[in-house]
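Structural characterization, general
Residues per chain are reported as follows:
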Amino acid sequence: MSAPLIDLVGVRKTYRNGSLSVDALRGITLQIRPGEYTAIMGPSGSGKSTLMHIVGCLDVATSGSYHLAGENVGEMSEVELAQVRNRRVGFVFQQFNLLPSQSAWRNVELPLLYAGVGRDERRRRALAALDRVGLGDRAEHRPGELSGGQQQRVAVARAVVTEPALILADEPTGNLDSTATADVLALLRDLHDGGSTIVLITHEAEVGAQATRRVVVRDGGIVADEATAGVRAP
Amino acid sequence: MTWLETLRTGWDAIRTHRMRSALTTLGILIGIAAVILTVGLGEGAQGQVSAQINALGSNLLIVSPGSSTSGAGVRGGFGSASTLTVGDATALGSKVAAPDIAAVAPITQRSEALTAAANNWTTTVVGTTPNWLSVRARALASGRFLTEADEAQDAAVVVLAPTTATELFGSTDVAGQSVTINNIPFQVIGVLTSAGSDSTSNLDDQAIVPQATASTRLFGGSTRTSVQSIYIEATSGSTLSAADQEATSELDNLHGVSALNQDFTITAQQSLVNTVTSVDRTLTVLLAGIAALSLLVGGIGVMNIMLVSVAERTREIGLRKALGARPATIRNQFLVEASVLGLAGGLFGAVLGIAGAIVVPHLIGNPISISPTATAGAIAVSIAIGLVFGVYPATRAARLAPIDALRSE
Ligand SMILES: Nc1ncnc2c1ncn2[C@@H]1O[C@H](COP(=O)(O)OP(=O)(O)O)[C@@H](O)[C@H]1O
Ligand SMILES: [Mg+2]
């Protein structure tokens, strides 16, 4: 058995707003090995996004430990965290989060820009990533000129352009119709087949059924963790 | 990320918000244009004043009666206790006693009514010697100037300044005509060219007569040899202080006085230039200070807009951080944006200021000089303003926690 890519032990997260405090995560212990396709499921407010933010190094746990690819994230500086996000993680958000003033390929090249990749190579790799999501002919279009499904595919291209080990998708199909949902899920499936580690967050059962492992979260704790068939979308 | 790429990112942000960027730039633009105009106006005025004063003879020393504190000057009436005499002037003109003095012209003057045909005109009548023309750096438009012969004969001849000639005869081509001064007929022998006006009098409105004629026939005071002031021309600008010393010791000797009880004062035209230019400089500094204040306001405008920009783009900042932008990268992006705004304001402000410096003199008649140093300085300052007032907003952007930034709506 290979070493886990994600290794969370007793992770707690408490949000404090003045006197008010919310325990979003109450002791999460979870290991995910390289190449796994994990769906994190649970009702709204159960702590799924909070978990993803910690796994993606966008936020830090209040207590507990987190090792990503064997490295202790809790001891990293701002700059090191930025580097980890840039090299190891690709994010796909529910709201797409594309820069509206920039063309598709400019959006896709951003992670490469922050990785210090040269201009020509950035363009080449951004166009290749757009080809991979079937949008090679939309490279010069701005997000406003694309459908929701196409925008999310641009976001997937941006997530994979640095070829990160880990893809984190937080409700990526939440704003999409069924056709676009199927497209995006097929892309994630392809990435999984290509060896990427994928963590997919969703509260929809059919979407979660794509994954090969299902982790159910409720009230900040894991209530179920099981292998699934990994049904392919029709 | 290279600086060029940071610059491109900043430039994209500026282009995306054209209107806002233009308005921000306007604040700096006005400030820079104001600085260039006020400094140019001040320098132009300084240049004009010193040119005017220099035109009157920059190598000029003026001897006035009384100690430096008594305040007696050219306006002291003839016959009052003036301690200067024609003899003083002659002695100062001696090449032996005062080798650094080129020429000397004693002056007595009084306001008199002049009449030609049916016209009356009251002007300053100056009694002096032939040297006056060179000492005061004047020139003749027509006719001739006073001669030693006129002086020796107490000749009833007069040289008119152009305004005086025009007022009396309606023209300046009047050599040979006659004019009565104080009911004595005089012959006009020449007319001076125009010289403008100095701080105290209109140089184009006066009548020049021989010193001897003035004291014996016109002003008729008790002491015929007494004069109101003596103009001294030094051989050059560099011998001015030597000439001053020679004149002082010569007059000390003649009057039997010393530094303690001197009955005369010597002032240099150059010190007048210095006084006037220093007053002008003070005014320029004051105006430039006000202009600089408007730059400060422009800078605060930049800061305000950058803070709005950071708040509005919190989500974008969060996304960039999620994609791997370091705090320093985000900070530089906003700093570049602020300094590009500043630079744009500076460049457009310089263009406006220079255009103003070319156009405004036609409207107000004052010269405005365009100083390359002030212009370059103003542009540098405008970038600096962008940077300085961009630091706080940029630091705020850099410090945003990625997750808080991403979550914001
Ligand atoms: N920034 C925050 N401040 C305070 N409470 C928060 C914050 N973010 C999330 N929460 C709370 O933490 C809990 C988990 O939220 P979240 O992880 O977003 O749930 P999910 O993604 O499963 O819907 C919720 O009760 C939510 O209200
Ligand atoms: Mg959520």
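All values reported here derive from a predicted model rather than from experimental measurement.

**What to know about the overall build of chain B**
Counting its regular elements, chain B contains 13 helices and 12 strands. For 409 residues, the compact-globule formula gives about 22 Å, and the C-alpha radius of gyration of chain B, at 33 Å, lies well above that figure. If you line up chain B on its principal axes, its C-alpha atoms span 105 × 50 × 30 Å. Buried residues in chain B amount to 48% of all 409 residues. Of the contacts made within chain B by residues no fewer than 6 positions apart, 78% connect residues no fewer than 24 positions apart. Counting every atom, chain B has about 18200 Å² of accessible surface; 61% of that belongs to carbon and sulfur. For chain B, the centre of its 22 positive side-chain charges and the centre of its 27 negative side-chain charges are spaced 23 Å apart.

**Describing the pattern of salt bridges**
Opposite charge on two side chains lets them pair, provided their charged atoms get close. All names here are of chain B. Throughout the structure, instances matching the rule amount to 21 salt bridges over all chains. Across the salt bridge formed by Asp 12 and Arg 15, the nearest N and O atoms sit 3.7 Å from each other. With Asp 12 and Arg 15 both in helix H1 (residues 3–16) and 3 residues apart, this pair spans about one turn of that helix. By relative accessible area, Asp 12 is classed as buried at 10%. Since its relative accessible area comes to 41%, Arg 15 is described here as partly exposed.

**As for the packing of aromatic side chains**
In this structure the tally under the stated criterion is 2 aromatic pairs over all chains. An angle of 10° between the planes, with centres 5.7 Å apart, marks the rings of Phe 91 of chain A and Phe 93 of chain A as stacked. Ring plane angle 15° and centroid distance 5.8 Å describe the contact between Trp 132 of chain B and Phe 145 of chain B, whose orientation is recorded as stacked. Remark: Phe 145 of chain B occurs in the loop between strand S5 (140–143) and helix H5 (148–152) and Trp 132 of chain B occurs in helix H4 (residues 132–135); sequence separation between them is 13 residues.

**Some thoughts on the site of ligand 1**
The environment of ligand 1 is made up of 13 residues, and the closest members are Gly 45, Gly 47, Lys 48, Ser 49 and Thr 50 of chain A. The environment around ligand 1 is built from residues contributed by chains A and B. One of the side-chain N or O atoms of Ser 49 of chain A is found 2.7 Å from an oxygen atom in ligand 1. Between ligand 1 and Thr 50 of chain A there is a distance of 2.5 Å, counted from an oxygen atom to a side-chain nitrogen or oxygen. Relative to its unbound accessible area of 560 Å², ligand 1 is 68% covered by the protein chains. The set of elements that each furnish at least two residues to the shell around ligand 1 consists of strand S1 (6–17), strand S2 (20–32) and helix H1 (48–55) of chain A. Per-element accounting of the shell around ligand 1 gives the leading share, 3 residues, to H1 of chain A.

**A closer look at the nonpolar core**
Residues Ile 6, Leu 8, Tyr 66, Leu 68 and Leu 166 of chain A are the most contacted members of the largest nonpolar core, which totals 67 residues. Here this core takes 8 residues from helix H11 (residues 327–364) of chain B, the largest share from any one element. In this structure, Leu 166 of chain A is in contact with Leu 5, Ile 6, Val 55, Leu 68, Arg 88, Val 89, Gly 90, Thr 197 and Val 199 of chain A, ignoring residues within four places of it in sequence. One finds Leu 146, Val 154, Ala 159 and Ile 167 of chain A within the second-largest nonpolar core, a separate group that totals 38 residues.

**Some details on the interface of chain A and chain B**
Of the residues lining the interface, 27 residues belong to chain A; the matching set on chain B comes to 23 residues. For the pairing of chain A and chain B, the buried interface totals around 2300 Å² over both sides, and the portion due to carbon and sulfur atoms is 57%. Linking chain A with chain B are 1 salt bridge. Between Arg 122 of chain A and Glu 5 of chain B there is a salt bridge, with its nearest N and O atoms 2.5 Å apart.

**Observations concerning unusual backbone geometry**
Residues and elements named next belong to chain A. With a phi angle near 50°, Glu 163 is a residue other than glycine that sits in the positive phi range. On the basis of relative accessibility, which here comes to 62%, the residue Glu 163 falls in the exposed class. With a phi close to 45°, Glu 171 is a non-glycine residue in the positive phi region. Structurally, the position occupied by Glu 171 is in the loop between strand S7 (166–170) and helix H6 (178–193). On the accessibility criterion, Glu 171 (11% relative accessible area) is buried.

**Focus: the sheet that holds strand S6 (residues 89–92) of chain A**
Residue and element names in this part refer to chain A. Sheet architecture is open: 6 strands sit in the order S6-S7-S8-S3-S9-S10, paired in mixed fashion. Two strands bound the open sheet, and with one partner strand each, they are S6 and strand S10 (221–227). Each strand axis lies, on average, 15° off the axis of its neighbour in the sheet, ignoring direction. Pairing geometry for strand S3 (residues 37–41) and strand S8 (residues 197–202), over 5 bridges, is parallel. Within S8, the position partnered with Tyr 37 by the bridge is Ile 198. The strands that H6 touches are S3, S7 and S8; relative to S8, the one it contacts most, it runs at about 150°.

**What to know about the sheet that holds strand S5 (residues 71–72) of chain A**
With antiparallel pairing, 4 strands are arranged side by side in an open sheet as S2-S1-S4-S5 (chain A). Each end of this open sheet is capped by a strand with a single partner; those strands are S2 and S5 of chain A.

Scoring rules and cut-offs
Residues numbered from 1 in each chain as written. Chains lettered and ligands numbered in written order. Predicted model: local features only at pLDDT ≥ 70, side-chain atom pairs only at ≥ 80, totals over all residues. Heavy atoms only, no water. Helix = DSSP H or I, 4+ residues; strand = E, 2+ residues; numbered from the N terminus. Rg over C-alpha atoms; globule rule 2.2 N^0.38 Å. Buried < 20%, exposed > 50% of the residue type's maximum accessible area, 1.4 Å probe, protein only. Contact = heavy atoms within 4.5 Å. Areas by Shrake-Rupley, 256 points an atom, 1.4 Å probe, with all protein chains shown as cover. Lys, Arg positive; Asp, Glu negative; His and termini not counted. Charge placed at Lys NZ, Arg CZ, Asp CG, Glu CD. Salt bridge = Lys/Arg side-chain N within 4 Å of Asp/Glu carboxyl O. Phe/Tyr/Trp six-rings, centres within 6.5 Å; stacked < 30°, edge-to-face > 60°. Near = heavy atom within 4 Å. Polar contact = N/O pair within 3.5 Å; in protein donor to acceptor, adjacent residues only side chain to side chain. Core = buried A, V, L, I, M, F, W, Y, C linked by side-chain atoms within 4.5 Å. Buried area = accessible area lost by both parts, 1.4 Å probe. Pairing = 2+ DSSP bridges. Axes fitted to C-alpha atoms, helices over the stretch in contact; angles between N-to-C directions.

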